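# Working through the structure, step by step
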Amino acid sequence: MSEVLVPTAHIEIWSDIACPWCYIGKRRFAEALASFEDRDRVEVTWRSYQLSPDTPVGRRVPEIDALVAMKGMPAAQVRQMFGQVSDTAAQAGISIDFDNVISANTFDAHRLVHLAGDKRDEVLDALFRAHFVDGEVVDDRDVLVKVAGAAGLDPEWTRAALEGDDPAGEAAGDAVAADLLEARNIGVQGVPFFVANRAVAVSGAQPTDVFLAFLRRAVDDVTVTL
């Protein structure tokens, strides 16, 4: 007699907190997952990625100025590009004002996501909101502790972990480094990057219907009949 197994599809998502398309993609993916009929068969793992790993911690330069310096683009062109991103974000229900966004090194923020455990999704949302909506400096550990506390993590433990006084902080840093290495190993060149069962990938902040098709294939691919 045959037995039908109902295994779980594993979705890994590489993203960076300083990436507006990652914020938009997260919102669209969440909408797709919420409406997906087999969402209880999907497990999501967030992976770390850094678009600008060499950004100095504590520099506190406006994002517009940082991108002008990095890309050598005219400020007017950068503002036009940011305006287009803001319009797309607004369609996803996200209010981004790039005049308030501060360039930051995201390594510690990614460490916080790994420290968050089962609150990882909530903390990641809060970090995106802090960076893109509230104009917070997400490489400031006071900001990270505040985000952690609002999500229900212990602020004192979080600060100790981030400052090296708790071994969990070192483990979280190792986890970030492992995510970055794995991204290179599988050829991730831009984010957001979605991988299902290490077999099917989708890149970018795709429309919700594309994510629904991606989820459908992910679940169907792991359905095994014995």
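Residues numbered from 1 in each chain as written. Predicted model: local features only at pLDDT ≥ 70, side-chain atom pairs only at ≥ 80, totals over all residues. Heavy atoms only, no water.

### With respect to the sheet that holds strand E3 (residues 193-196)
- Read from one edge to the other, the open sheet built from 4 strands follows the order E2-E1-E3-E4, with strand pairing classed as mixed. A single partner strand is all that each edge strand has here, and the edge strands are strand E2 (42-48) and strand E4 (200-203). Recorded for the sheet is a direction-independent mean angle of 20° between the axes of neighbouring strands.
- Taken together, the 4 bridges between strand E1 (residues 9-15) and E3 define a ladder with antiparallel strand orientation. Across the sheet, the residue bridging to Ile13 is Phe194, located in E3. (Pairing = 2+ DSSP bridges. Helix = DSSP H or I, 4+ residues; strand = E, 2+ residues; numbered from the N terminus. Axes fitted to C-alpha atoms, helices over the stretch in contact; angles between N-to-C directions.)

### Details of the packing of helix H2 (residues 63-71) against helix H3 (residues 75-91)
- Running from N to C, H2 and H3 point in directions that differ by 120°, and their axes come no closer than 10 Å. Taken as axis vectors, H2 and H3 run oblique relative to one another. Here H2 runs over H3; the crossing is right-handed. Touching Glu63, Ile64, Leu67 and Val68 of H2 are Ala75, Val78, Arg79, Met81 and Phe82, all from H3.
- Residue classes in the contact of H2 with H3 are distributed as 7 nonpolar, no polar and 2 charged. (Parallel < 35°, antiparallel > 145°, perpendicular 65-115°, else oblique. Left-handed = near helix turned anticlockwise from the far one by under 90°. Contact = heavy atoms within 4.5 Å. Nonpolar A, V, L, I, M, F, W, Y, C, P; charged D, E, K, R; others polar.)

### Considerations on the packing of helix H4 (residues 107-115) against helix H6 (residues 141-150)
- Contact geometry of H4 with H6 gives a least axis separation of 10 Å together with a crossing angle of 25°. The angle between H4 and H6 places the two elements in the roughly parallel class. In this structure, H4 crosses over H6, and the sense of that crossing is right-handed. Seen from H4, the contacting residues are Asp108, Ala109, Arg111 and Leu112; seen from H6, they are Arg141, Leu144, Val147 and Ala148.

### What about the side chain of Gln50?
- Within the fold, Gln50 resides in the loop between E2 and H2.
- When sequence neighbours within four positions are dropped, the list of residues in contact with Gln50 reads Asp16, Asn105, Thr106, Phe107, His110 and Leu180.

### So, the packing of aromatic side chains
- The tally for this structure, following the rule as stated, stands at 7 aromatic pairs.
- Aromatic side chains Tyr23 and Phe128 sit 4.9 Å apart centroid to centroid with 5° between the ring planes, which places their arrangement in the stacked category. Of the two residues, Tyr23 is situated in helix H1 (residues 20-35) and Phe128 in helix H5 (residues 120-132); the sequence distance between them amounts to 105 residues.
- Looking at Tyr23, the relative accessible area reads 4%, which means it is buried.
- Among the residues examined, Phe128 registers a relative accessible area of 0% and is labelled buried. (Phe/Tyr/Trp six-rings, centres within 6.5 Å; stacked < 30°, edge-to-face > 60°. Buried < 20%, exposed > 50% of the residue type's maximum accessible area, 1.4 Å probe, protein only.)

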